[in-house]
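Here are the chains, one letter per residue:
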Amino acid sequence: MKHFTRLAAAAVVGAVMGTAAVAQELYAPNLSYRTGPFAATGIPLMNGQRDYMLMLNARDGGIGGVPVNFEECETGYSTEKGVECYEKTKGRAIVTQPWSTGITLQVLPKTTVDEIPILAPGYGFSPMADGKVFQWAFNTPASYWDAASMIVQYLEAEGSLEGKKIAFLHLDHPYGKEPLPLLEKLSADKGFEMVPIPVGLKEMQNQSAQWLQIRRERPDYVVMWGWGAMNAGAITEAVKTKFPMENFIGVWWAGHDADLKIVGADGAGYKSISWSYPVLDAPVLADIKQHVVDAGDSMSNPEEMEGVFYNRGLVISMILAEGIKAAQEHTGNAEITAADLRWGLENLNITEERLAELGMTGMVPPFQTTCANHTGHSGGWMLEWDGEKFVKVSDLLMADAEVIQPLEAEKAAEYAEANAPWAVSETCDAES
């Protein structure tokens with residue numbers, strides 16, 4: 001396996017930079033949420049992100065030989081605190097990682113003025129895929145509309161959805177409402193009835209009213225856009241009311257091992273679409289153990305490190321690291337700017353060969369971004385809880401681009417018009 005050593009990394013920097021001075025650090029703050037109602041899901045994700053960057057610092061001296069400052073600013077998933085963290089960190093940051101659709105929407109106009117890229121892997125505003133309009137925002141490698149498309153596609157493989165009823169159980173928050181435009185279109189196109197069932201922030205742990213409605217509606221399927229304590233509450237209620245778990249499917253943020261372990265074998269059959277997968281014998285995990293865990297620097301634990309969310313955190317930091325690396329190579333500078341990183345994130349090419357070099361084969365599907373495509377639309381796998389762990393139960397699913405891309409363009413144009421004056425790139429085209 002081709003892992004860079006510190007000496008090799010230094011050689012790369014020398015080749016790229018010539019005689020230029022080596023940078024002091026790369027400041028890539030993370031707007032984390034280790035506290036609050038969503039902490040149970042935030043902690044393993046943040047731990048995975050952090051461990052990957054610590055591993056790069058310890059093994060390679062950082063990225064291109066430059067250490068990464070992966071400082072966390074705690075938001076508690078609060079939009080107000082998230083904006084405060086953005087303002088606090090933007091002065092030196094080469095990236096902002098909002099970790100909430102609500103925070104993303106609030107800082108989106110700010111980042112365009114401040115020219116700092118938003119990296120929101122698998123979350124945020126789905127039209128951010130349109131890089132012509134959202135020049136500073138990236139929801140790589142897949143959007144919420146991708147997720148909704150793949151879930152519907154998976155259900156269709158079981159038979160026509162014509163005349164079927166799907167309950168959409170969702171957090172009453174910008175995140176939970178994000179897939180509605182696509183689901184409404186798919187409902188009209190495919191002839192199924194969609195019943196939105198919102199869950200308020202104060203109802204997450206006690207969803208008796210929502211599940212009473214589900215019993216009354218008798219849907220063929222329940223699709224869940226849940227987060228944090230909402231997921232555990234919904235899964236517990238589904239078991240209690242004897243809803244058939246094989247007909248219960250969540251988005252990728254509703255596929256957390258710890259939530260299913262609460263119900264154990266009773267949760268068998270529950271599914272979650274996912275653009276990441278834990279490969280427990282992956283070489284990258286061995287490197288993390290050697291350089292981070294054995295050094296006593298990890299905040300994680302062995303059980304958490306086997307889970308979907310911790311491993312997704314690794315993938316998320318890999319995406320950022322690869323964007324930084326691409327920018328360094330493009331500019332010939334180790335100390336890149338936020339604008340340089342935007343170029344790097346627009347030119348990601350995560351191939352099977354590159355994943356093998358990174359020791360991450362099978363942990364994320366290959367994907368590629370461009371100036372015009374800031375998502376990459378990697379596709380994903382359907383995971384199923386077998387009573388003890390999540391396992392793959394599908395081949396790679398790909399979202400329906402013919403349906404999604406026109407909607408992305410339409411909603412992106414609406415956003416730009418509503419927020420005029422809004423700069424739209426004149427140089428990006430569909431192929432660039």
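Rules of the game
Residues numbered from 1 in each chain as written. Predicted model: local features only at pLDDT ≥ 70, side-chain atom pairs only at ≥ 80, totals over all residues. Heavy atoms only, no water. Helix = DSSP H or I, 4+ residues; strand = E, 2+ residues; numbered from the N terminus. Contact = heavy atoms within 4.5 Å. Pairing = 2+ DSSP bridges. Axes fitted to C-alpha atoms, helices over the stretch in contact; angles between N-to-C directions. Buried < 20%, exposed > 50% of the residue type's maximum accessible area, 1.4 Å probe, protein only. Arc of directions from axis to C-beta.

What about the side chain of Ser378?
Point 1. Relative to the helices and strands, Ser378 is located in the loop between β11 (367-368) and β12 (381-385).
Point 2. Among all residues touching Ser378, those that are not within four sequence positions of it are Pro141, Ala142, Trp275, Pro365, Pro366, Phe367, Leu396 and Met398.

Re the sheet that holds β12
Point 1. Here we have 7 strands laid out as an open sheet, ordered β6-β5-β7-β8-β9-β12-β13, and mixed in their pairing. This sheet does not close on itself; its edge strands, each paired only once, are β6 (193-199) and β13 (390-392). Direction aside, neighbouring strands of the sheet carry axes that sit 25° apart on average.
Point 2. Bridging between strand β8 (residues 248-250) and strand β9 (residues 271-274) involves 2 bridges; their strand directions are parallel. Across the sheet, the residue bridging to Gly250 is Ser272, located in β9.

Some thoughts on helix α7 (residues 180-190)
Point 1. Within the span of α7, buried status applies to Leu180, Leu182, Leu183, Leu186 and Ser187. Down the axis of α7, the sector holding all buried residues measures 160°, keeping them to one side.
Point 2. Taken from the residues just after α7, Gly191 is the one with a positive phi, measuring 80°.

Concerning the side chain of Ser126
Point 1. Turning to its location among the elements, Ser126 is positioned in the loop between β3 (118-119) and β4 (137-138).
Point 2. The contacts of Ser126, once residues within four sequence positions are left out, are Asn139, Ser143, Tyr144, Trp145, Glu178 and Glu408.

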